[in-house]
Amino acid sequence: MTAAEKAARDVLIAAEWVGRIADRRYAAETSGTVVSGMPIATDDRSKTLINGAALWAYRNAGYVPRWKTSEGFVDLPAVQVLAIADAVSEHVQLCFDREDALLVAVADGSITAERVEEGWPY
């Protein structure tokens, strides 16, 4: 194999890792999180609804929506809505931070399948 062929193969392998890592990040990002013992969905629709409620809560401290959870409806005071939105944002950012760290491992050649599965937030 020539040096050019090896370089081309390495680029393809790196691209495969990048795609695999992005898929793994998205799975972690949308798998949900727990806030004060309450499971919170983090799929794209849920994040939109949470952010919308947080905007309303930010503008109206008396806002108390009835929020549907996996265990039924609960009242969420504005301060709790904001705490949930903050926790969801932190969860998402931690997922992107982990993806970034794994991309560094791709670039330096230290990536492994095991590393791709480790270190994701819950």
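What you are looking at is a predicted structure, and each value in this text was computed from that prediction instead of being measured. (Residues numbered from 1 in each chain as written. Predicted model: local features only at pLDDT ≥ 70, side-chain atom pairs only at ≥ 80, totals over all residues. Heavy atoms only, no water.)

Looking only at helices and strands, the protein chain features four helices and four strands. Mapped from its N terminus to its C terminus, the protein chain presents α and β elements in the order α-β-β-α-β-β-α-α. Taken along its principal axes, the extent of the C-alpha atoms in the protein chain is 70 × 25 × 20 Å. Across the 122 residues of the protein chain, 31% fall into the buried class. Across the protein chain, every contact between residues at least 6 apart in sequence was considered, and the portion connecting residues at least 24 apart equals 54%. (Helix = DSSP H or I, 4+ residues; strand = E, 2+ residues; numbered from the N terminus. Buried < 20%, exposed > 50% of the residue type's maximum accessible area, 1.4 Å probe, protein only. Contact = heavy atoms within 4.5 Å.)

A few words on helix 2 (residues 44-59). With 16 residues, helix 2 extends 23 Å between its outermost C-alpha atoms, agreeing within 8% with the 22 Å of an ideal straight helix rising 1.5 Å per residue. Taken together, the buried positions of helix 2 are occupied by S46, K47, I50, A53, A54 and A57. Along the long axis of helix 2, the arc covered by the buried residues comes to 130 degrees, so they all point the same way. More than 90 degrees from the buried face of helix 2, the exposed residues found are R45, T48 and R59. (Expected span 1.5 Å × (residues − 1). Arc of directions from axis to C-beta.)

Glancing now at the nonpolar core. One finds I40, I50, V81 and I84 to be the most contacted residues of the largest nonpolar core, which totals 14 residues. Elements with a contribution of two residues or more to this core: strand 2 (38-40), helix 2 and helix 3 (78-108). With five residues, the single largest contributor to this core is helix 3. When near neighbours in sequence (up to four residues on either side) are disregarded, V81 contacts A53, A54, A57, P65 and L76. By size, the runner-up hydrophobic cluster in this structure holds 10 residues, among which are W17, I21, C95 and L102. (Core = buried A, V, L, I, M, F, W, Y, C linked by side-chain atoms within 4.5 Å.)

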